[in-house]
Amino acid sequence: MTINLTPAGQNVSKLKFLLPQCGVSCVDDSGPQRARHFGHSGCVWSLSDLKRSRDSQYTYYAYWSAFLVPRVRVQKVSFEVESGTPLDVALYKEGWISYRSSVKFGRPRGIADASVDYGDNLCVQVTGEGLVDPTRYRVVRDVEVAFGHRATAGSRISERLRRFFGAGFQNNLLMRGGVGWNVTRRVITGSANLEQISHFRPAELSKVEFLKVGNLIVGGGLAGLGVAVALDACGRDFALVESSGVLGGRVEIVRRLLNAAPSTRAPNDDAAEIRSLLRLIESGSAAFRSGRGRLIEGTFTGFYEEKIGLVLCSGAAIAVSFDNIIFANGSRSPVPLLKGNDLPGVISIDYAARLAAHGALRGKTILYSEDKWSSLVGRLMAARGADIEELVQSDRAKIASILGQRRVEAVVFTDGRRKSLSNFVYGTCRQPALELPAQAGVGYSWVAAADILRAEVSINGSTALPWLWAVGSVTGVCELEASYHQGLAAGYALSQDDGRSRAELKLVSVRDSAPAPTTKSADAFVCTCEDVTVRDFEVAAKKGILGPEKTKRFTGWGTGVCQGKHCLYNGLRTLARDGASPYTQRLPITPTPFVVLARLGENAK
Amino acid sequence: MSDYDVVVVGGGGVGLSTAYHLAKKGLRVCILEKNYLGSGSSTRNAGGFRVHFKAEENVRYMVAGRKKLLSLPKETGWNVTPITGGYFWVLHNEQAMQEFRELNRMWAGQGVPGQLLGGKEVKERLPTLELGATIGGFFGPQDGGFHHDLVVFGYQAALRRLRVDVREYSPVDGIILEGDKVTGAKVGSREIRGEKLVICAGAWTPALSRLAGVDIPISAERREIGVTEPIKFFLSPFVIIPSEGVYFAQGLRGEIRGTVTDLKTEGLVPLVSTYAWTVEYARRLLRVFPGIAGVRFNRQWSGYYEMTPDHSHIMGRGNAWPEGLYVAAGFSGHGMMMSPITGELMAEHVSGDATPQLMLPFSPDRFAEGRPVRELMVF
């Protein structure tokens with residue numbers, strides 16, 4: 001369904017009311033709600049703006065579409081969703097959670113975390129849009145969804161053979177000897193259930209933009225907002241890149257949970273803690289009122305030698321050149337190394353919170369939590385109405401495996417007990433989302449005693465390079481409230497206001513980290529893009545392939561489309577060497593369609 | 001008394017292969033690698049092999065080199081996963097066609113003739129590509145691709161079996177000279193004594209040879225390359241389009257890997273990626289391959305070409321060099337495919353058995369003697 005509304009008096013005034021100060025149109029698919037959130041920002045570039053920038057018709061369309069009830073049709077099943085609902089949430093709600101199978105071995109896989117980027121084999125085909133990433137796509141009109149990529153016969157056979165030959169791409173014994181290589185090669189190339197080139201449609205494009213800023217902040221969580229506030233207070237110009245569309249990072253997701261829960265049911269202490277964090281976000285958002293700062297909605301894909309960063313919006317891109325870059329892109333929980341950890345329904349706490357906030361987390365849910373934050377989110381999800389049970393520590397250590405055929409069904413303990421479930425939610429000790437800062441040159445090393453990767457930065461977030469900074473939980477040093485203060489300290493330090501910077505540093509407390517988990521099943525998947533298990537790491541070590549760089553090249557660990565966002569930690573943990581540095585991160589951190597890069601190339605000419 | 005017969009400096013493809021063949025002859029060998037094995041350029045290249053070069057010496061070298069490379073699985077037990085899909089040059093002007101016609105006569109003389117194709121035929125054989133006003137092409141069926149990492153791992157495993165002393169994270173910062181004889185290398189405060197020293201350090205070779213007072217004309221050039229996410233296998237040859245300055249191939253995972261031939265940065269500059277290369281490569285590739293528009297670019301990296309004045313490698317020793325010093329470097333972008341054969345020849349040479357005919361044209365003294373091996377087919 002498409003609607004074209006011509007601007008009419010009444011609508012214009014409504015929009016003006018909603019968007020008092022926007023230089024560029026700033027309404028996107030979620031309409032009024034977002035407009036309220038970003039209402040006072042100086043300039044918002046959202047993905048739809050870039051697509052149909054300054055096209056007033058689209059602005060009205062987006063606004064009005066908020067009142068429509070679109071239908072999603074999946075393989076002849078049709079259901080209605082609230083306009084603006086993320087596609088993955090809509091699908092999850094209806095039970096479509098295992099809508100792709102593994103590239104090599106036909107195992108079912110689901111979405112584990114919204115922070116992970118999906119290969120096209122994990123994307124869905126939406127009518128008129130081609131292949132889209134379901135976590136980024138919001139439903140505002142009727143769409144038809146097709147799931148391609150059922151496991152091919154070859155990949156099913158490979159799944160059977162896996163137990164004899166090992167998984168992974170390169171360490172397959174079939175490939176070792178060179179005997180019958182031509183036959184083997186055909187099996188390998190023919191069996192992978194990959195997209196055919198002819199099926200691809202050139203993505204609709206769109207615009208490319210070029211932007212120059214003094215300071216570029218990556219991430220709009222507490223730490224990034226802290227930097228923005230300090231820079232704004234000192235009159236510096238900056239731009240902040242945020243991919244999720246709302247400011248506040250993981251706290252923002254929880255805000256929605258808290259608002260959705262009947263107030264009587266949310267535990268008082270938890271609510272108070274979240275509210276105090278929300279107040280920080282509130283004051284952080286004020287940094288955009290003066291109009292000095294810009295907010296860019298998009299995903300930062302990495303840093304190029306020319307001090308240019310690329311921000312990928314939906315089907316569009318902005319090349320941003322900057323003087324200083326400050327990474328504040330947060331942390332995430334890696335999946336525990338349990339057998340069956342790749343099954344659909346095994347999801348991270350962040351993703352579970354997103355689903356729960358939309359009321360899409362259905363059925364019996366088991367929470368595997370290693371930190372206070374995850375337990376808190378679990379309680380809020382319960383208050384929202386989710387059927388959730390947190391495992392006690394002694395039970396966590398006793399998990400033997402996660403079972404399921406097409407999706408997760410039960411968890412089995414070493415003492416023989418068995419719990420049926422629909423969702424297995426993990427909130428393991430959070431690790432920095434280091435792929436972006438590490439790629440730009442921030443060093444990281446594994447601290448085995450604390451079971452965490454730590455950035456080699458000073459306490460105010462500066463590095464050996466004067467233009468490169470990292471603050472907040474992406475450093476592995478602090479998190480939540482302390483991140484905000486570290487962000488402020490970094491912002492003041494960048495503005496040469498050392499007095500205020502030092503004052504903020506006093507409020508930065510080092511996060512406590514949990515000791516290393518002991519369970520490590522040989523059948524657990526480390527890397528689900530390339531199908532690498534703990535056992536493959538053991539095979540590598542036996543062959544004398546040691547260290548992250550060589551293990552990466554031997555197993556393929558971390559070289560898939562998620563670019564290691566999911567598997568880096570577990571890989572390093574499996575290699576178990578204190579002080580180990582991660583392998584070198586490769587650009588682009590978010591895989592980028594050729595058409596976008598090519599358009600940038602044409603415009604560079 | 002020396003600890004080793006030969007100390008090999010550099011643990012890339014060439015160094016590993018040289019050490020392997022020396023060890024097979026029963027010599028006591030040590031490898032000194034400043035980082036991990038293959039960390040320099042051996043794990044950063046495009047993974048192609050070809051016999052079709054402009055200089056006859058190089059053709060002869062790679063005809064033998066190809067056999068050696070493809071038989072590597074028998075030797076090391078590690079399959080190098082060759083894709084024998086050939087190299088496909090798509091040509092857009094008559095001058096280039098004429099050149100390939102003439103070259104093909106030379107290639108045929110060496111036993112590796114290729115196929116000269118008309119424009120229509122080229123388009124039929126590469127239906128997914130948008131080749132514009134192509135007038136023809138050249139297909140070299142003897143060429144193809146392989147996986148460079150597996151060459152490195154294979155040699156690593158073989159050296160382990162032969163109990164060769166492989167020292168990673170051991171940067172050489174001095175070469176020990178006694179009179180006019182090389183007797184070892186210094187790694188920090190440690191001295192590693194050897195009768196002979198072979199430098200196989202790629203782009204880092206000149207800096208090392210200078211420690212022994214020898215200048216070797218090799219200069220580093222940073223090149224970039226990248227791969228897409230996997231797509232269904234459809235392209236078996238390695239496609240080179242000179243008029244667009246772009247080449248690409250599909251690997252076993254289904255990834256399309258490729259680069260442009262003319263964007264480079266001189267010197268041992270940091271191995272990072274540039275915006276300029278990224279958008280230019282995408283622009284050019286999309287022009288010849290419109291179907292790739294929606295495919296996502298997944299990983300990119302850079303590495304050094306070790307260029308010599310005539311774009312051919314340098315191997316052996318110079319007459320005026322200190323005794324016991326040898327070099328095998330300067331492969332100008334062809335080191336990985338040449339590494340197995342180079343190691344074999346170097347082992348013959350260094351162990352003193354003989355100086356194989358095949359390596360004679362590549363002597364370090366050829367520049368002073370005015371007989372360069374002019375290689376113009378470098379991509």
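Thresholds applied
- Residues numbered from 1 in each chain as written.
- Chains lettered and ligands numbered in written order.
- Predicted model: local features only at pLDDT ≥ 70, side-chain atom pairs only at ≥ 80, totals over all residues.
- Heavy atoms only, no water.
- Helix = DSSP H or I, 4+ residues; strand = E, 2+ residues; numbered from the N terminus.
- Rg over C-alpha atoms; globule rule 2.2 N^0.38 Å.
- Buried < 20%, exposed > 50% of the residue type's maximum accessible area, 1.4 Å probe, protein only.
- Contact = heavy atoms within 4.5 Å.
- Areas by Shrake-Rupley, 256 points an atom, 1.4 Å probe, with all protein chains shown as cover.
- Salt bridge = Lys/Arg side-chain N within 4 Å of Asp/Glu carboxyl O.
- Buried area = accessible area lost by both parts, 1.4 Å probe.
- Polar contact = N/O pair within 3.5 Å; in protein donor to acceptor, adjacent residues only side chain to side chain.
- Nonpolar A, V, L, I, M, F, W, Y, C, P; charged D, E, K, R; others polar.
- pLDDT = per-residue confidence, 0-100.
- Phe/Tyr/Trp six-rings, centres within 6.5 Å; stacked < 30°, edge-to-face > 60°.
- Lys NZ or Arg CZ within 6 Å of the ring centre and 35° of its normal.
- Core = buried A, V, L, I, M, F, W, Y, C linked by side-chain atoms within 4.5 Å.
- Pairing = 2+ DSSP bridges.
- Axes fitted to C-alpha atoms, helices over the stretch in contact; angles between N-to-C directions.
- Parallel < 35°, antiparallel > 145°, perpendicular 65-115°, else oblique.
- Left-handed = near helix turned anticlockwise from the far one by under 90°.

1. Re the overall build of chain B
A tally of helices and strands in chain B yields nine helices and 19 strands. Relative to the globule expectation of 21 Å for 379 residues, the C-alpha radius of gyration of chain B, 21 Å, shows essentially globular dimensions. Judged by the C-alpha coordinates and their principal axes, chain B covers about 65 × 40 × 40 Å. When burial is assessed residue by residue, chain B has 66% of its 379 residues classed as buried. Residue pairs in contact within chain B that sit at least 24 positions apart in sequence constitute 72% of those at least 6 positions apart. Carbon together with sulfur atoms contributes 50% to the accessible area of chain B, which is approximately 12900 Å² in total.

2. With respect to the pattern of salt bridges
Close approach of charged atoms allows side chains with opposite charge to pair. Residue and element names in this part refer to chain B. In total, this model carries 45 salt bridges over all chains according to the counting rule given. Across the salt bridge formed by E344 and K68, the nearest N and O atoms sit 3.6 Å from each other. With E344 in helix α9 (residues 335-350) and K68 in helix α2 (residues 56-70), the pair connects residues that are 276 residues apart, well separated along the chain. E344 gets classed as partly exposed once you look at its relative accessible area, which sits at 31%. When its relative accessible area of 9% is taken as the criterion, K68 is described as buried. A salt bridge links D262 to R284, with the nearest nitrogen and oxygen atoms 3.0 Å apart.

3. A closer look at the interface of chain B and chain A
Across the contact, 56 residues belong to chain B and 61 residues belong to chain A. Summing the contributions of chain B and of chain A, the shared interface buries around 5400 Å²; its carbon and sulfur component is 60%. Area buried by chain B at its contact with chain A is led by K232, R253 and Y275 of chain B, which between them contribute 16% of it. At the surface where chain B touches chain A, the tally comes to two salt bridges. A salt bridge links E168 of chain B to K550 of chain A; the shortest N-O distance between them is 2.7 Å. The interface formed by chain B and chain A contains 21 residue pairs in polar contact (both at pLDDT 80 or more). Sorting the residues of the side of chain B that touches chain A by element identifies α6 (148-161), β12 (219-228), α8 (275-288) and β17 (296-307) of chain B as the ones contributing at least two each. With 10 residues, the top contributor of residues to the side of chain B that touches chain A is α8 of chain B. Among the residues forming the side of chain B that touches chain A, the class breakdown is 27 nonpolar, 17 polar and 12 charged.

4. Here we look at the confidence of the model for chain B
When pLDDT is averaged along chain B, the result is 94, and 100% of the positions lie at 70 or above. Under the prediction, the complex receives an ipTM of 0.93, its pTM being 0.89.

5. Let's talk about the packing of aromatic side chains
All chains considered together, the criterion is met by 33 aromatic pairs over all chains. With 5.8 Å between their ring centres and 55° between their planes, F554 of chain A and W78 of chain B make a pair best called tilted. Of this pair, F554 of chain A sits in helix α18 (residues 547-555) while W78 of chain B sits in the loop between α3 (72-76) and β4 (87-91), placing the two residues on different chains. For the pair shown, F554 of chain A and W78 of chain B are each scored as buried. Members of the aromatic cluster, connected to one another through ring pairs, are Y87, W89, F100, W107, F138, F238, Y247 and F379 of chain B. Residue placement shows R317 of chain B over the ring face of Y326 of chain B; its charged tip is 5.8 Å from the ring centre.

6. Topic: the nonpolar core
Grouped together as the largest cluster of nonpolar side chains are 70 residues, with contacts concentrated most on V8, W89, W107, F146, V151, M315 and M346 of chain B. Judged by nonpolar contacts, the second largest core, of 60 residues, contains V227, A353, L361 and A493 of chain A.

7. Looking at the sheet that holds strand β20 (residues 388-390) of chain A
Residue and element names in this part refer to chain A. Taken in spatial order, the four strands of this open sheet run β18-β24-β19-β20, and their pairing is parallel. In the strand order of this sheet, the two ends are held by β18 (346-348) and β20, each with one partner. For this sheet, the mean inter-axis angle between neighbouring strands, taken without regard to orientation, is 25°. Bridge count between strand β19 (residues 365-369) and β20: three bridges; the pairing is parallel. Residue pairing in the sheet places L367 in a bridge with E390 of β20. Seen against the sheet, helix α11 (residues 349-357) touches β18, β19 and β24 (423-427) and runs at an angle of roughly 90° to β18. Along the sheet, helix α12 (residues 372-384) contacts β19, β20 and β24; its crossing angle with β19, the most-contacted strand, is approximately 160°.

8. Side note on the side chain of N215 of chain A
Residues and elements named next belong to chain A. If you trace the backbone, N215 turns up in strand β11 (residues 208-218). A relative accessible area of 6% means that N215 is categorised as buried. A polar contact is formed between the side chain of N215 and the backbone oxygen of D237, at a distance of 3.1 Å. Within polar-contact distance, the side chain of N215 engages the side chain of N324 at 2.9 Å. The contacts of N215, once residues within four sequence positions are left out, are L231, R236, D237, F238, A239, N324, I326 and L494.

9. Observations regarding the confidence of the model for chain A
Residue and element names in this part refer to chain A. Here chain A shows a mean pLDDT of 79. Residues at 70 or above account for 74%. Predicted confidence in chain A is weakest over helix α1 (residues 9-18), with a mean pLDDT of 32, and strongest over strand β28 (residues 468-470), with 97. Under a pLDDT of 50 for its full length, residues 1-66 has, in the predicted model, 122 contacts with residues more than four places off or in other chains. Under a pLDDT of 50 for its full length, residues 167-171 has, in the predicted model, 26 contacts with residues more than four places off or in other chains.

10. Thoughts on the packing of helix α10 (residues 268-285) of chain A against α12 of chain A
Residues and elements named next belong to chain A. One can describe the packing of α10 onto α12 by two numbers: an axis separation of 10 Å at closest approach and a directional angle of 110°. Viewed along their axes, α10 and α12 adopt a mutual orientation that is roughly perpendicular. Regarding α10 and α12, the two cross each other, and that crossing is left-handed. For the pair formed by α10 and α12, the contact residues are D270, E273, I274 and L277 on the first element and W373, L376, R379 and L380 on the second. Considered class by class, the residues forming the contact of α10 with α12 number five nonpolar, no polar and three charged.

11. Looking at the sheet that holds strand β22 (residues 408-413) of chain A
Residue and element names in this part refer to chain A. Ordered by their spatial adjacency, three strands build an open sheet running β21-β22-β23, and the pairing between neighbours is antiparallel. In this open sheet, the two edge strands, each paired with only one partner strand, are β21 (399-404) and β23 (418-420). Taking the axes of each pair of neighbouring strands and ignoring which way they run, one obtains an average angle of 20° across the sheet. Note: β21 against β22, five bridges, orientation antiparallel. Bridge assignment links L403 to a residue of β22, and that residue is A410.

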